[in-house]
Amino acid sequence: MERRRLGVEGMEVPVIGLGTWRRLEAAATGGGHVAVVTRALDAGVRFFDSSPMYGRAEELLAEALGDRRGEAVVATKIWTASPVEGRRQLDRALRLYGGHVELMQIHNLVAWREHLPLLLAAREEGRIDRIGATHYAVVRELQTVMRTGGIDAVQIPYNPRQREAEQRILPLAADLGLGVVVMRPFGEGELLDLDIGEAQLAPLYPFGVRTWAQALLKWGLSDPRCTVAIPATSRPPRIDENVAAGDWPWFGPDERELVHRLALGT
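In this text, all values refer to a predicted model and were calculated from it rather than measured experimentally. (Residues numbered from 1 in each chain as written. Predicted model: local features only at pLDDT ≥ 70, side-chain atom pairs only at ≥ 80, totals over all residues. Heavy atoms only, no water.)

J.: Quick rundown of the overall build of the chain? Include the residues and the values.
T.: Per the secondary structure count, the chain includes eleven helices and ten strands. What you see for the chain is a C-alpha radius of gyration of 18 Å, in line with the 18 Å of a compact globule of 266 residues. Dimensions of the chain, computed from C-alpha atoms along their principal axes, come out at roughly 55 × 40 × 30 Å. Scored against the burial criterion, the 266 residues of the chain give a buried share of 53%. In the chain, of all internal contacts separated by at least 6 residues, the share reaching a separation of at least 24 is 76%. As presented, the chain carries roughly 11,300 Å² of accessible surface, and 48% of it is formed by carbon and sulfur atoms. Distance from the positive charge centre (32 side chains) to the negative charge centre (35 side chains) of the chain: 2 Å. (Helix = DSSP H or I, 4+ residues; strand = E, 2+ residues; numbered from the N terminus. Rg over C-alpha atoms; globule rule 2.2 N^0.38 Å. Buried < 20%, exposed > 50% of the residue type's maximum accessible area, 1.4 Å probe, protein only. Contact = heavy atoms within 4.5 Å. Areas by Shrake-Rupley, 256 points an atom, 1.4 Å probe, with all protein chains shown as cover. Lys, Arg positive; Asp, Glu negative; His and termini not counted. Charge placed at Lys NZ, Arg CZ, Asp CG, Glu CD.)

J.: Could you give an account of the nonpolar core, with specific residues and numbers?
T.: Looking at soluble globular proteins, one finds that nonpolar side chains tend to be buried together. Counting 76 residues, the largest nonpolar core has Phe48, Leu65, Leu90, Ile128, Met146, Ile151 and Trp212 as the members making the most contacts within it. With seven residues, helix H9 (residues 212-221) is the largest single contributor of residues to this core. The contacts of Trp212, once residues within four sequence positions are left out, are Leu191, Leu192, Leu194, Ile196, Leu201, Val259, Leu262 and Ala263. Membership of the second largest hydrophobic core comes to twelve residues, among which are Leu6, Val73, Val228 and Ile230. (Core = buried A, V, L, I, M, F, W, Y, C linked by side-chain atoms within 4.5 Å.)

J.: Residue-level account of the environment of Glu59, with values.
T.: Relative to the elements of secondary structure, Glu59 occurs in helix H3 (residues 57-65). In this structure Glu59 comes out as partly exposed when scored by relative accessible area, which is 32%. C-alpha of Glu59 to C-alpha of Tyr97: the two residues are 38 residues apart in sequence and 9.1 Å apart in space. Dropping the residues within four chain positions of it, Glu59 is found in contact with Arg92 and Leu96.

J.: Before we move on, can you summarise the packing of aromatic side chains with the specific residues and values?
T.: Tallying each qualifying case throughout the model produces three aromatic pairs. Ring centres of Phe207 and Phe251 lie 5.4 Å apart, and the angle between their planes is 80°; on these two criteria the pair is classed as edge-to-face. Of this pair, Phe207 sits in the loop between helix H8 (198-201) and H9 while Phe251 sits in the loop between helix H10 (236-243) and helix H11 (253-264), and the two are 44 residues apart along the sequence. By relative accessible area, which is 15% here, Phe207 ends up buried. The exposure class assigned to Phe251 is buried, which follows from its relative accessible area of 6%. Positioned above the aromatic ring of Trp219, the side-chain terminus of Arg256 is 4.2 Å from the ring centre. (Phe/Tyr/Trp six-rings, centres within 6.5 Å; stacked < 30°, edge-to-face > 60°. Lys NZ or Arg CZ within 6 Å of the ring centre and 35° of its normal.)

J.: Which residues make up the sheet that holds strand S10 (residues 228-229), and what values do they have?
T.: Taken in spatial order, the eight strands line up as S3-S4-S5-S6-S7-S8-S9-S10 in an open sheet, and their pairing is parallel. Among the strands making up the open sheet, the edge pair consists of strand S3 (18-19) and S10. Judged from the three bridges that link them, strand S4 (residues 47-49) and strand S5 (residues 73-78) form a sheet pairing that is parallel. Its bridge partner being in S5, Phe48 is matched across the sheet by Val74. (Pairing = 2+ DSSP bridges.)

J.: Would you mind going over the environment of Ala93 in detail, with residue names and values included?
T.: Looking at where Ala93 falls in the secondary structure, it is placed in helix H4 (residues 83-96). Judged by relative accessible area, Ala93 falls into the buried class, the value being 0%. Along the backbone, Ala93 and His115 are 22 residues apart, and their C-alpha atoms lie at a distance of 15 Å.

J.: Tell me about the pattern of salt bridges, residues and numbers included.
T.: A complete count under the given rule lists 17 salt bridges for this structure. The salt bridge involving Arg68 is made with Asp42; its shortest N-O contact spans 2.8 Å. Taken together, the residues span a long stretch of sequence, with Arg68 in the loop between H3 and S5 and Asp42 in helix H2 (residues 33-42) at a distance of 26 residues. Note on Arg68: relative accessible area 22%, which makes it partly exposed. Relative accessible area serves as the criterion here: at 54%, Asp42 is assigned to the exposed category. For Arg88, the salt bridge is made with Glu85, and the minimal N-O distance between the two is 3.3 Å. One end of the pair is Arg88 and the other is Glu85, both in helix H4 and three residues apart, which spans about a single turn. A relative accessible area of 28% places Glu85 in the partly exposed class. In this structure, a network of salt bridges that share partners links the residues Asp42, Arg46, Arg68 and Glu71. (Salt bridge = Lys/Arg side-chain N within 4 Å of Asp/Glu carboxyl O.)

Don't take any of this as a statement about function, it's just geometry.
Spelled out as structure tokens, the structure:
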């Protein structure tokens, strides 16, 4: 997979990561969460995103990484309106992941003014490497957070049906040198429900695309301002399919427009 820089300097990550919302807990019901994470690591995935909002996902990810923790870039979050609970969530994440977290994010900008000083101090102390901010929608306040100079990355929804980030967030991230983590590349699964056949995908074959999921992932990552996409899955074989979308050649304007039209059903 291609690797891209997560922030102004230093850390690079492969462009396909693994999200844990809902899917890791689903895998765990049959004891399969370790198999999912192991398959991801074996396939070259290094970026794993979680949150205390995601039920047991943080704990399950830590368990599944096991003695391969050093191969992973862990991105998790603070999600609370309470500064006291925010500190507890940070401390818990640090305990789960061996005393160090690569990217600590403020989930959905909840109480970000209260949490940012805590994370700045943790970054200065070397307990975390990067600070991020996330939101499930593209909101004006995210631009305010980006301009503080305190964060290294943003996490935003971006797919052919949800392109608001192109107007302000992606240009600002490029100007500031911030990493961009792409959530919901499949539109929370709704885009995968579309009946897209081989004939419709045929123009994308020269780009290594064989499935609609690969087309959606490559669509987002063909914008060089995006650092890493984090599709979630509970099925190990899906990991290999996703990873295959993470390398050159990238789509040009015509291919991106084709995927956009297919996603809209036009």
